[in-house]
Amino acid sequence: MSDTDGKKTLGIRGGSGSVKQSFSHGRTKNVVVETKRKRVVVPKPGAAKSSGSGSGSSAFGDPKKRPAGISDAEMERRMKALAAAKAAEADEARKREAEERQREEERERRRREVEEKAREDAEREAALKAKEEEEERSRREAEEAKKREAEARKKPAAAPAAAPAAPKTDDPAAAQAAIQKQERGGRAVVTPPRGRETREEDDRGGRGKGGDNRRSGKLTIKQALDGGEGGRQRSVASMRRKQERMRQKAMGGPDQREKVVRDVQVPETIVVSELANRMAERVADVVKSLMKMGMMVTQNQSIDADTAELIVEEFGHRIQRVSDADVEDVIQQLEDKPEDKKARPPVITIMGHVDHGKTSLLDAIRNANVTSGEAGGITQHIGAYQVQTDSGATLTFLDTPGHAAFTSMRARGADVTDIVVLVVAADDSVMPQTIEAINHAKAAKVPMIVAINKCDKPDADPNKVRTELLQHEVIVEEMSGDVQDVEVSAKTGKGLDDLLEAIALQAEILELKANPDRAAEGAVIEAQLDVGRGPVATVLVQKGTLKRGDIFVVGEQWGKVRALVNDKGDRVDEAGPSVPVEVLGLNGTPEAGDVLNVVSTEAQAREIAEYREQAAKDKRAAAGAATTLDQLLAKAKADENVAELPILVKADVQGSAEAIVQAMEKIGNDEVRVRVLHYGVGAITETDIGLAEASGAPVIGFNVRANAPARNAANQKGVEIRYYSVIYDLVDDVKAAASGLLSAEIRENFIGYAQIKEVFKVSGVGKVAGCLVTEGVARRSAGVRLLRDDVVIHEGTLKTLKRFKDEVKEVISGQECGMAFENYDDIRPGDVIEIFEREEVERKLD
Ligand code: GDP
């Protein structure tokens, strides 16, 4: 388009010179042009000779070459006719050219009209956009536009009037363009009334020129950089950026800005985003430099301290390595002020001998409460529940009776129990586990209340219970001691209320308090992998209040509270001290007894969880819980005398897993033992199979199954998977398997005695004893011991057993024989030979 313009302009102006060409996107180009005039042949008299262009004319002009018979006059006439014809031809050509030019101009004009219309539309659009972006400027714009429009209306034949607008800009290119436009404007037959305005805007754009401005509504880089009035299309943000650039330039540039060197604390492992955060650098930059080091990590992955150190140094900061354990410092260890503490319900564990009615009592208390409280309330077994006494006190009962759970919780540092209810059956009195329970309660310094159960039974003898307890230093109130005792019956419900009141009274004495207004801390009572809900843990809140959305770390796991479900199965928003709740939103299954702490950020939670996981791994490795075949072999070599049956246990709930582990540990004796390599909650996975294969262990699934990849892996690797749903079956089977490892017992049977009468020397054989078999038989194949004064001086085998000259297998009592020892010569008359046989006896574990 501009090319055509240029050509036309040149065509009109003629001559040669340079011209600025404008292209789309504001590009311009200076072009040196030379116009070639069309040579028009004007015949001059006498010029015919020199014109010499046509073969005809030269032939006619030259008299020598002229055909014969043509006179000079004739020649003259012909020449004239020829010249006239040529002139007419030239005229014709000129006319055609002019016509052509006119048509071209017409086409051009129409095209320009269409384009200008399109440009107007685009500009209107741009103006609208600008209005949205920048209210004020667009208002000003609108005013200007209005003013201009008014002007334009005043002068409808605006084309020539556009001229003064051109010099508005200092840009010579724009001026040139304006000049060209003026020329075009002059030629333009019809100029739309808005033509001036559009052109003016073109000029304001700095680069506007003819149809090129179709896209003038858009901001070109050139336009953006050129400044001037072209800034119309700039956003506020770009202006700000420019200002900022100027400011930085004035201050000596951003590069010279002083870098803040930070002390960056880095634990053994750190999440990339957290590292970036601590250095106050952009995460993307940190990830980039890690990539440069060849480490493809995302911002959520952890890197070790050595890697972190390189990064910290690269960013010019100082590293401060902190001990791993320090990561736990974020957990609030503040002691609560006494004034912040409020009374909380007591937490009760029921203990006692097996079958004395612990479970029945727990159920009775709960059911009595449920029926009296909310009729039809669904009982939800989450490992603990709360009940109200008639006097209005709230009590929290742990649903896992027995001291095994109690102790394993304590071993993990979760002292959740405030009061122990010792159940003793009135018809059975104190039994071994009763004593164990007493000892556990005493060790934990937890007060006890004795519930003498089964008082409905005819052979119940509560007083026997009381007296027997005396022997174990449990002096009940009836015996003028300070331990409360209540006669109850889980079956009839008798005395249950008294028991609850006794507990409430004990709780009052204990003055149990906790601060509900702080970050929550609690203990896991039960944890399991729920098919639909993922890992679920029942947490007994001990301090503070656990709320939905809280970020926490629990043992080696962490999470964000997605939902809280109470013991009635209701969703709740928060749980205060002594309240048991199911917590959803864990990233893994914690273990019973794990402590839950609420922390402020996910990064902290993850960091602590990872640290704990690593620490636990190290601890296990240190404790010799071999997990690899090498370690196992090394361990086996270290104590060769003990055969081990390694197993892996996966169970549906933590409680079962622990119960199985405890049962397994009890199997065995000095020679053989069961070693639980690993136990956990959830399906049997490929990892389990891998570990089992490495250790040659079977995998026990208790109420869980192997997933498909694990099954395949087990088939391939020949790992045995056994499923159980009854613990006793499992224990029996494992016992049988462990028995297989017992070295068969070697039993010695004495089969005879012989007395040495004489000793001969036989060449080629050595010393031979002439003996009399005094008891039983002497057998060639049997083992022998040489006794001198009832002391065994040699044990070995026989080289020969001869009766007279013949080698025999057996010599019976009362007969004489010759015997020689294998590799032993020191035999004397009067020595006794003991003859015995060994028998292998298979043994069983009991
Ligand atoms: P646990 O092993 O201590 O949990 O004892 P259980 O609660 O399983 O009870 C063992 C047996 O004693 C069950 O058969 C109960 O029915 C029974 N039992 C429990 N409490 C009472 C009671 O108060 N009276 C009577 N007669 N039987 C009871």
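Rules behind the numbers
Residues numbered from 1 in each chain as written. Predicted model: local features only at pLDDT ≥ 70, side-chain atom pairs only at ≥ 80, totals over all residues. Heavy atoms only, no water. UniProt positions renumbered as here; feature names shortened; annotations may be inferred. Salt bridge = Lys/Arg side-chain N within 4 Å of Asp/Glu carboxyl O. Buried < 20%, exposed > 50% of the residue type's maximum accessible area, 1.4 Å probe, protein only. Helix = DSSP H or I, 4+ residues; strand = E, 2+ residues; numbered from the N terminus. Near = heavy atom within 4 Å. Polar contact = N/O pair within 3.5 Å; in protein donor to acceptor, adjacent residues only side chain to side chain. Areas by Shrake-Rupley, 256 points an atom, 1.4 Å probe, with all protein chains shown as cover. Pairing = 2+ DSSP bridges. Axes fitted to C-alpha atoms, helices over the stretch in contact; angles between N-to-C directions. Contact = heavy atoms within 4.5 Å. Parallel < 35°, antiparallel > 145°, perpendicular 65-115°, else oblique. Left-handed = near helix turned anticlockwise from the far one by under 90°. Core = buried A, V, L, I, M, F, W, Y, C linked by side-chain atoms within 4.5 Å. Disulfide = S-S within 2.5 Å.

An unreviewed UniProt entry annotates the protein chain as Translation initiation factor IF-2 originating from Celeribacter indicus. Per UniProt, the protein chain carries the Sequence similarities (unreviewed entry) text "Belongs to the TRAFAC class translation factor GTPase superfamily. Classic translation factor GTPase family. IF-2 subfamily."

Before going further, it helps to spend a moment on the pattern of salt bridges. In the structure shown here, the tally under the stated rule is 41 salt bridges. A salt bridge links Asp 285 to Arg 282; the shortest N-O distance between them is 3.3 Å. The class for Arg 282 is exposed, based on a relative accessible area of 53%. Arg 321 is the partner of Glu 309 in a salt bridge, and the nearest nitrogen-oxygen pair spans 2.8 Å. Remark: Arg 321 occurs in strand E6 (residues 318-321) and Glu 309 occurs in helix H12 (residues 305-314); sequence separation between them is 12 residues. Because the salt bridges share partners, they merge into one network encompassing Asp 336, Arg 518, Glu 521 and Lys 543.

In this section: the site of the ligand. The ligand sits among 15 residues. The nearest are Asp 355, Thr 359, Ser 360, Asp 456 and Ala 490. A distance of 3.0 Å separates an oxygen atom of the ligand from a polar side-chain atom of Lys 454. Ser 489 places a side-chain nitrogen or oxygen 3.3 Å from an oxygen atom of the ligand. In isolation the ligand has 580 Å² of accessible area, and contact with the protein removes 72% of it.

Spatially, E25-E24-E26-E27 is the arrangement adopted by the 4 strands of the open sheet, whose pairing is parallel. Looking at the sheet topology across the chains shown, the edges are occupied by strand E25 (672-681) and strand E27 (721-724). Direction aside, neighbouring strands of the sheet carry axes that sit 25° apart on average. Direction of pairing for strand E24 (residues 643-651) relative to strand E26 (residues 699-702): parallel, over a ladder of 4 bridges. Bridged to Ala 651 within E26 is Phe 702. Of the strands in this sheet, E24, E25 and E26 are in contact with helix H20 (residues 654-666), which crosses E25 at around 170°.

A separate point is the packing of helix H21 (residues 686-695) against helix H22 (residues 708-717). Orientation of H21 relative to H22, taken along the N-to-C sense of each, is 20°, at an axis distance of 8 Å. The orientation of H21 relative to H22 falls into the category roughly parallel. Seen along the crossing, H21 lies across H22 with a hand that is right-handed. Contacts between H21 and H22 involve Glu 686, Ile 689, Gly 690 and Glu 693 from the former and Pro 709, Ala 710, Ala 713, Ala 714 and Lys 717 from the latter.

Moving on, we get to the nonpolar core. In terms of nonpolar packing, the biggest core is built from 26 residues, with Leu 361, Ile 365, Phe 397, Leu 499 and Ile 503 touching the most fellow members. When residues of this core are traced back to their parent elements, those giving at least two are strand E8 (347-352), helix H13 (358-372), strand E9 (384-388), strand E10 (394-398), strand E11 (419-425), strand E12 (448-453) and helix H17 (496-510). No other element matches the 7 residues that H17 contributes to this core. Leaving out residues up to four positions away in the same chain, Phe 397 has contacts with Ile 348, Ile 350, Leu 362, Ile 365, Gly 383, Ala 384, Tyr 385, Val 387, Leu 500 and Ile 503.

The next point concerns the state of the cysteines. Per the counting criterion, the structure on display carries 0 disulfides. We note that Cys 771 lacks a disulfide partner, and the nearest cysteine sulfur, in Cys 817, lies 5.0 Å from it. In this structure Cys 771 comes out as buried when scored by relative accessible area, which is 1%.

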